[in-house]
Amino acid sequence: MNDRRSELEAAPWSGRTRRYDLIKEGVAALVVVTIATVALSTLFGSPDDKQITFKEWAVAAPADFYATTVQELAGSSGTGGYGAPYNTASDGVNLGPLHLAKLMGVTHPVDTVNDFVITPLTTVVNSGPVADALKQWQSSDSKTQAAWATNYDNALTKANQDATKVPSGNYGPVPQLSGGLLSMAQAGSLDGALLSQGNYFQSDNTKQTLFMGDGSYFNDQSTASNLQGSTWGMMNETGRYPGQAWLWLYSFWYQIPPFNNGDSHPFGANADAWIMVIMGALSLGLIIMPLIPGVRSLPYKIKIHRLVWKNYYQEENL
Amino acid sequence: MSIMQEKEMWTSKLRKSWQKTLPVEKLLPDTQPAYVASWIYLFGVATLASLGVIIASGIVLAFEGASWYHYSNVGHFINSMHFWSVQFFFVFMVVHLWGKFWMAAWRGRRLLTWITGAVAFVASIATAFTGYLIQTNFDSQWISYEAKDGFNSVGIGSRFNVTNFGQMILLHVAFLPIVLGVITMIHVLMVRAKGVVPPIDAFNAELGERK
Amino acid sequence: MNLKAVYIHIGWFQMSVTNLIIVIGMVVLFGLALTLPFPGNSKGNKKGKGRK
Ligand code: HEM
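Residues numbered from 1 in each chain as written. Chains lettered and ligands numbered in written order. Predicted model: local features only at pLDDT ≥ 70, side-chain atom pairs only at ≥ 80, totals over all residues. Heavy atoms only, no water.

Caption draft 1: Up close: the interface of chain C and chain B. Across the contact, 15 residues belong to chain C and 20 residues belong to chain B. Of the roughly 1,400 Å² buried between chain C and chain B, counting both surfaces, carbon and sulfur atoms make up 78%. For chain C, the biggest contributors to the area lost against chain B are Met26, Phe30 and Phe38 of chain C; these three give 41% of the whole. Put simply, chain C and chain B have two residue pairs in polar contact (both at pLDDT 80 or more) between them. For the side of chain C that touches chain B, the per-class residue count stands at 12 nonpolar, one polar and two charged. (Contact = heavy atoms within 4.5 Å. Buried area = accessible area lost by both parts, 1.4 Å probe. Polar contact = N/O pair within 3.5 Å; in protein donor to acceptor, adjacent residues only side chain to side chain. Nonpolar A, V, L, I, M, F, W, Y, C, P; charged D, E, K, R; others polar.)

Take a look at the structure:
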C-alpha cells in the first residue's frame, strides 16, 4: 500500500461525523447479553455428566479394572510405556529427529507399580491372602516382580481377561495383589488413596487420570459420548450442548491423512506433535495476518467492505 | 523548579505522552466518523459485554468453589450463565474478527490493534480450555486425559500439566483472566487512541484515483 | 439437553447438530450485520471541515 494513503488513514478523521453514544451502546450490549444468557441458562441449563470414580469403574467393569491393574504391575499399560514426562520407558512422540518431550525430561514421575497399586494397598488393612501377597512382593527383587507380572499379564491377555480361565503358572503374588486392589476400589477407598499418595493436601490428579485412562471403561464412556479425538471429539460436549466449536481447525487435522493413519505410520503416531506445531504456526499466522502478502490483500479484492460502508460510499459517491 | 527539571521528570513525561495519545476526549468522544454506521461495529462491544457476564458469573463460582454447582440449583444456574456467556463471547468475537478482516481494519498504523485482538483470541481459547478442565465432572476428566498427549508431545506438558487440577484452577481463575483482561484493555484503548479505521476507498479522491 | 446428541456425518466430516446451529448462526449474524440498515438519520450528522 502506498505511504500517502497509510498516512491519511492514520490521521485523525476530519470528515463528516455523527452523534454516537459509546457508553449507552456498551450498557445496552451488557443488558442484551445478560438477558440472552439468563434466557438460555433457564431454558437449557448446562452440561454436567457425573465424574467417573474408581469405585464406579471397579463395580461396573471388574474384569477391565483387574486386567488394567495387572498391566500397571507389568508396566505394559499406556502409562507404563509412555515415556516423558512420566517415565523413561520409551522415547515418546517425536517431530522427526526432535524428541521434545524426552528433552524436557521426566518432570512428573509416575511409577505405575508403586503409585497405582502397591502404595494404595499399603494404606488399608488387607485380608490375609492380600497382606501375605504384599509381603511377598515387597521382599522380592524387581526382576522377579517384573517376571511374575509379565507372565500373568500375558496369560490373562491370552485368556481374554477372564481370570478364571488363566492356567496356573509362575505369577507370584500378582493375582492376589490385583484382586486386593479390585476389592479396595469396589469399596471406594482407592479414589482417595490414589490422590493423596500418603499426603494430606493434594490437588494434582495426574495419577488418577492416567490410571483411569489405561482401562477401557473410561474410554468406552467417552466413545459413547462422541468425545474421541479421532471423531472430532475435541469440539463436542456431553449431551446436546454446544461444544468448543472454536477448536474446529485443531480437531480437523486429526481427521485427515497423514495424521489419521494410525500408530504404525510416523505421522499417525506423532500426530499430536505435528498438529501442535501446525496450530502454533497458524495461530502465529492469524496474529501477523496483516503482514502476510496475498492474505492481506483479500479484503481489497473481495469487496465485502462495500457492504459495511454502503451508506457512506453512497453519500460520498465513492 | 526549573522548566528543564520538569521536562526530565518521568512522571511528567508519562502524563504528556498519555495526554497526547489518549486524551479523555478521545477516550469518551460523543461523535464518531460518519462511516461508523453498521451493525458490524457492535460486535466488539458485544464481545466485551459477554466477557463482563463471564467475569461476573465466574466470580460467584469462585467464591462458592468448583464443585458447588453439582449440588446447588443456584450454583447450576450460575454455572449455566458462565457456560452460555462463553458461547456468546466466542460467537461475537469470531464475527468481530471476520468483520475486521474484511474491513482490513489494520490499515493506518492499526497493526497493533489487530495483533492485540488476535492474541486475545488465542488467550481466550487457552482460558476457556482450562475452564473445561476444572468442571470436576466426566467432561473435564476426559478432556484432561486426551489433551495431555498434545501438550506432552512438544514438551509443554513438562510445565503445563493439564491433569493437575490445582494448577489448572489457579491458571483459570487468576493468571489467564488477568492476561486476557490486560490484552483486551490495551486492545480497546488502542481503538480509542487511533480512532475507527476509515473506509478502504475513503481517500481515493485525495490520491487522484477513480473509484 | 442431556439427551443423546445428534450428529451430521458425511465422510470425514462430523459435527453435532448443536455445533452446526451455532456455526450457521455466526454466518447468519455476520450476513445480517452487513445487510440490515443501521438506524440513525444522517440529517443529524455534522459536516466536517475540509472534506467534500
Ligand atoms: C477479547 C476479545 C475482543 C474484544 C473484547 C474486542 C473488543 C473490541 C472493541 C470494543 C472494538 C471497537 C468497536 C468495534 O469496532 O467493534 C474493537 C475493535 C477492533 N478489533 Fe477487537 N475485540 C476482541 C478481539 C479481536 C480479535 C480476535 C480481532 C482480530 C484478530 C480484533 C480486531 C480488532 C480491530 C482490528 C479493531 C479496530 C477496528 C477499527 O479501527 O475500526 N479484535 N475490538
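Still more to cover.
Caption draft 2: Layout of helix α4 (residues 62-74) of chain A. Residues and elements named next belong to chain A. Under the 1.5 Å per step criterion, the end-to-end length of α4 is 18 Å for 13 residues, consistent within 8% with the ideal 18 Å. Burial in α4 covers these residues: Asp64, Phe65, Tyr66, Ala67, Thr68, Thr69, Val70, Gln71, Glu72 and Leu73. One or two residues past the end of α4 sits Gly75, with phi positive at roughly 75°. (Helix = DSSP H or I, 4+ residues; strand = E, 2+ residues; numbered from the N terminus. Expected span 1.5 Å × (residues − 1). Buried < 20%, exposed > 50% of the residue type's maximum accessible area, 1.4 Å probe, protein only.)

Caption draft 3: Expanded view of unusual backbone geometry. Residues and elements named next belong to chain A. Pro85 follows Ala84 through a cis peptide bond whose omega is 5°. In this fold, Pro85 is placed in the loop between α4 and α5 (100-104). Cis geometry marks the peptide bond from Pro257 to Pro258, where omega comes out at 0°. Positionally, Pro258 belongs in the loop between α13 (248-253) and α14 (266-269). Phi angles above zero are rare outside glycine, and Asn160 is one such case at about 55°.

Caption draft 4: Quick look at the packing of helix α6 (residues 112-122) of chain A against helix α9 (residues 174-187) of chain A. All names here are of chain A. At a minimum axis separation of 10 Å, α6 and α9 run at an interaxial angle of 70°. With respect to each other, α6 and α9 are oriented roughly perpendicular. α6 and α9 meet at a crossing whose hand is left-handed. Between α6, through Phe116, Val117, Ile118, Pro120 and Leu121, and α9, the contact on the second element is made entirely by Leu177, Gly180, Leu181 and Met184. When its residues are assigned to classes, the contact of α6 with α9 shows eight nonpolar, one polar and no charged. (Axes fitted to C-alpha atoms, helices over the stretch in contact; angles between N-to-C directions. Parallel < 35°, antiparallel > 145°, perpendicular 65-115°, else oblique. Left-handed = near helix turned anticlockwise from the far one by under 90°.)

Caption draft 5: Structural detail: the side chain of Ser178 of chain A. Tracing the sequence through the fold places Ser178 of chain A in helix α9. If sequence neighbours within four positions are ignored, Ser178 of chain A has contacts with Tyr66, Thr69, Val70 and Leu73 of chain A.

Caption draft 6: Structural view of helix α8 (residues 142-158) of chain A. All names here are of chain A. End to end, α8 covers 24 Å across 17 residues, agreeing with the expected 24 Å (1.5 Å per residue, within 8%). Residues of α8 that are buried make contact with α4, α7 (128-138) and α9. Capping the start of α8, Asp141 holds a side-chain oxygen 3.1 Å from the backbone nitrogen of Lys143, two or three residues further along. Within two residues after α8, Asn160 carries a phi angle of roughly 55°, on the positive side.

Caption draft 7: Seen up close, the domain arrangement of chain B. Residue and element names in this part refer to chain B. Taken domain by domain, chain B consists of domain 1 (40-89) and domain 2 (104-197). Relative placement of domain 1 and domain 2: their C-alpha centres are 16 Å apart. Contacts between domain 1 and domain 2 engage 11 residues on the former and 14 residues on the latter. Approximately 790 Å² of surface area, both sides summed, lies buried where domain 1 meets domain 2, with 64% of it carried by carbon and sulfur atoms. Scanning the region where domain 1 abuts domain 2 turns up zero salt bridges. At the junction of domain 1 with domain 2, the criterion picks out five residue pairs in polar contact (both at pLDDT 80 or more). When contributions to the side of domain 1 that touches domain 2 are tallied by element, the ones reaching two or more residues are α4 (42-64), α5 (68-71) and α6 (73-102). In terms of residues, the side of domain 1 that touches domain 2 owes the most to one element, α6, which gives four residues. The class makeup of the residues in the side of domain 1 that touches domain 2 is seven nonpolar, four polar and no charged. (Domains from an automatic or database assignment. Salt bridge = Lys/Arg side-chain N within 4 Å of Asp/Glu carboxyl O.)

Caption draft 8: Structural detail: the site of the ligand. Residues and elements named next belong to chain B. With respect to spatial proximity, 24 residues lie near the ligand, and among them Tyr41, His96, Lys100, Gly117 and His187 are the closest. Between the ligand and the protein, one listed contact pairs a nitrogen atom with a side-chain N or O atom of His96 at 2.7 Å. The dominant element in the shell around the ligand, judged by the number of residues it contributes, is helix α7 (residues 111-133), at six residues. Taken together, the residues that form the shell around the ligand break down as 14 nonpolar, eight polar and two charged. Counting contributing residues per domain, the shell around the ligand is built from domain 1 (40-89) and domain 2 (104-197), each supplying no fewer than three. (Near = heavy atom within 4 Å.)

Caption draft 9: Focus on the interface of chain A and chain B. In this complex, chain A contributes 97 residues to the contact, which on the side of chain B involves 96 residues. When the buried area of chain A at its contact with chain B is split by residue, Glu9, Trp246 and Trp309 of chain A rank highest and sum to 9% of it. Where chain A packs against chain B, one counts three salt bridges. A salt bridge links Arg107 of chain B to Glu9 of chain A, with the nearest nitrogen and oxygen atoms 2.9 Å apart. Between chain A and chain B we count 39 residue pairs in polar contact (both at pLDDT 80 or more) in total. At 15 residues, helix α2 (residues 22-44) of chain A tops the list of elements feeding residues into the side of chain A that touches chain B.

Caption draft 10: Up close: the pattern of salt bridges. Applying the stated rule across the entire model yields nine salt bridges over all chains. The partner of Arg306 of chain A in a salt bridge is Asp201 of chain B, and the shortest N-O contact between them spans 2.7 Å. With Arg306 of chain A in helix α17 (residues 305-308) and Asp201 of chain B in the segment after α9 (165-194), this pair bridges two chains. Its relative accessible area of 22% is what places Arg306 of chain A among the partly exposed residues. Through salt bridges with shared partners, one network takes in Arg16, Glu315 and Glu316 of chain A.

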